[in-house]
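Residues per chain are reported as follows:
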Amino acid sequence: MNTKKQPILYRKRYFPEELICLKDDIVLYADENLIVSKWTTLKPRTDIAEGISAYIIDKNIKISKIFDANKNFVHWYCDIISTEYKKEETAYIFTDLLLDIIIDPDGIVHVVDMDELGDYIKNGTIDKDMACLALHAANDLLIEITNGNFKQYQDILTSYQD
């Protein structure tokens, strides 16, 4: 892609059901497989305030380095996503596939929201193909974390940090 036109980023979620333009996110880098953006929370929060994210499109993941209001590192937050690209608008719609992986500063890994994914599969909100994509992407990311390959994503985000 490497275009002069900055991509427009959207976040789509199942719960709450929403499609939000991330109009205040600052895109620091974009090519056909990687988008790096800097952002602040959409709504004020006490636990986190801002972050920097890398959307790795071919792996269906968004890796975020999260900071609190004092710019202290909180944790790594990994969303499992699917991506839809709208070429005519240079727009990306990133759908949150519910599964998340959190890595604490001490390296402890948490897989969260598996129950939500199960509920959405059961009630038909998320289809089998999207559920399988989520499970495979989460599994692949967990393997990368276990094998020590997560550092490549940390290095990408750190290189774009102020």
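This report concerns the structure included in the present document.

Quick notes on the rules
Residues numbered from 1 in each chain as written. Predicted model: local features only at pLDDT ≥ 70, side-chain atom pairs only at ≥ 80, totals over all residues. Heavy atoms only, no water. Pairing = 2+ DSSP bridges. Helix = DSSP H or I, 4+ residues; strand = E, 2+ residues; numbered from the N terminus. Phe/Tyr/Trp six-rings, centres within 6.5 Å; stacked < 30°, edge-to-face > 60°. Buried < 20%, exposed > 50% of the residue type's maximum accessible area, 1.4 Å probe, protein only.

Summarising the sheet, strand E3 (residues 26–30) and strand E4 (residues 34–40) pair through four bridges and their orientation is antiparallel. Pairing of Tyr 29 across the sheet is with Val 36, part of E4. Remark: three residues form the turn of the hairpin made by E3 and E4, two consecutive strands paired antiparallel.

Considering all chains together, one arrives at nine aromatic pairs under this definition. Between Tyr 55 and Phe 94, the aromatic rings sit 3.9 Å apart at their centres with planes inclined by 20 degrees, giving stacked as the arrangement. Remark: Phe 94 occurs in strand E8 (residues 91–103) and Tyr 55 occurs in strand E5 (residues 50–56); sequence separation between them is 39 residues. Tyr 55 sits in the buried class, given a relative accessible area of 2%. Using a relative accessible area of 3% as the deciding quantity, one classes Phe 94 as buried.

What follows covers the pairing of strand E7 (residues 73–86). Here strand E6 (residues 61–67) runs beside E7; their pairing, made up of seven bridges, is antiparallel. The partner of Lys 65 across the bridge, within E7, is Trp 76. If you look at the hairpin formed by E6 and E7, you'll find five residues sitting between the two strands, and Lys 71 has a positive phi there, around 65 degrees. Sheet topology note: the E7/E8 ladder contains 10 bridges and is antiparallel. The residue bridging Trp 76 from the neighbouring strand is Ile 103, located in E8. Between E7 and E8, which pair antiparallel and follow one another directly, the connecting turn spans four residues, one of which, Thr 90, has a positive phi of 50 degrees.

Everything listed here is a matter of coordinates, which is why it stays silent on function.
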